[in-house]
Amino acid sequence: MSVSDKIEQFIAKHSKWSSNLTELRNILTSTELKEDIKWGAPAYLLDKKILIGFGAFKNHMGIWFHQGVFLKDTHNKLMNAQEDKTKALRQWR
């Protein structure tokens, strides 16, 4: 099964968020980022390094910025994924 098929299955599995996830995927695949699956979720890489990923849950979906600590967050949208565990990852729910 291809990476694209796995991502389509991931999106279909989260029907509540499927239109949002599809739109986000379309934006990300229009860039030079390479699409992959990491830890069971879509991930987008540049030079084999994960930059962005996304996930969906019962009550929210999120975008993960794997080096998000370096992003300017003037609107305070980014949060530490797991305090005391993650250092650079930030998520936007």
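Each residue is numbered by its place in its chain's sequence as written, counting from 1. The model is predicted, so local features are restricted to residues of pLDDT at least 70 and side-chain atom pairs to those at 80 or more, both for listing and for counting; the totals for chains, interfaces and linings are taken over all residues. Side-chain measures were taken over the full set of non-hydrogen atoms in the model, leaving aside hydrogen atoms and water.

Colleague: I'm lost on the sheet that holds strand 6 (residues 90-92) in this one. Help?
Modeller: One key point about sheets: their strands pair by backbone hydrogen bonds, in either a parallel or an antiparallel sense. Strand order across the open sheet formed by six strands is 1-2-3-4-6-5, with antiparallel pairing between neighbours. Only two strands of the sheet have a single partner each, and these edge strands are strand 1 (34-38) and strand 5 (79-80). Here, two residues are considered to be in contact whenever any of their heavy atoms come within 4.5 Å of each other. Each axis is a line fitted through C-alpha atoms, taken for helices only over the stretch in contact, and angles between the N-to-C directions span 0 to 180 degrees. Secondary structure elements are defined from DSSP: runs of H or I of at least 4 residues count as helices, runs of E of at least 2 residues count as strands, and each element is numbered from the N terminus. Where helix 1 (residues 3-13) meets the sheet, its contacts fall on strand 1, strand 2 (41-46) and strand 3 (49-56), and the angle it forms with strand 1 comes to roughly 65 degrees. Against the sheet, helix 2 (residues 18-29) engages strand 1, strand 2, strand 3 and strand 4 (61-65), with an angle of about 165 degrees to strand 3. Paired strands are those between which DSSP finds at least two bridges.

Colleague: Just to check I follow, could you spell out the environment of aspartate 47 for this structure?
Modeller: With respect to the secondary-structure elements, aspartate 47 resides in the loop between strand 2 and strand 3. Between the alpha carbons of aspartate 47 and glutamate 32 there is a distance of 9.9 Å; along the sequence they are 15 residues apart.

Colleague: Looking at this structure, I do not really get unusual backbone geometry. What am I missing?
Modeller: The phi dihedral of tryptophan 39 falls on the positive side, at around 55 degrees, and the residue is not glycine. Within the secondary structure, tryptophan 39 sits in the loop between strand 1 and strand 2. Note on tryptophan 39: relative accessible area 74%, which makes it exposed. Positive phi, normally seen in glycine, also occurs at lysine 48, with a value near 65 degrees. Inspection of the secondary structure puts lysine 48 in the loop between strand 2 and strand 3. Here the term buried applies to any residue with accessible area under 20% of the maximum for its type, exposed to any over 50%, and partly exposed to those in between, with areas from a 1.4 Å probe on protein chains only.

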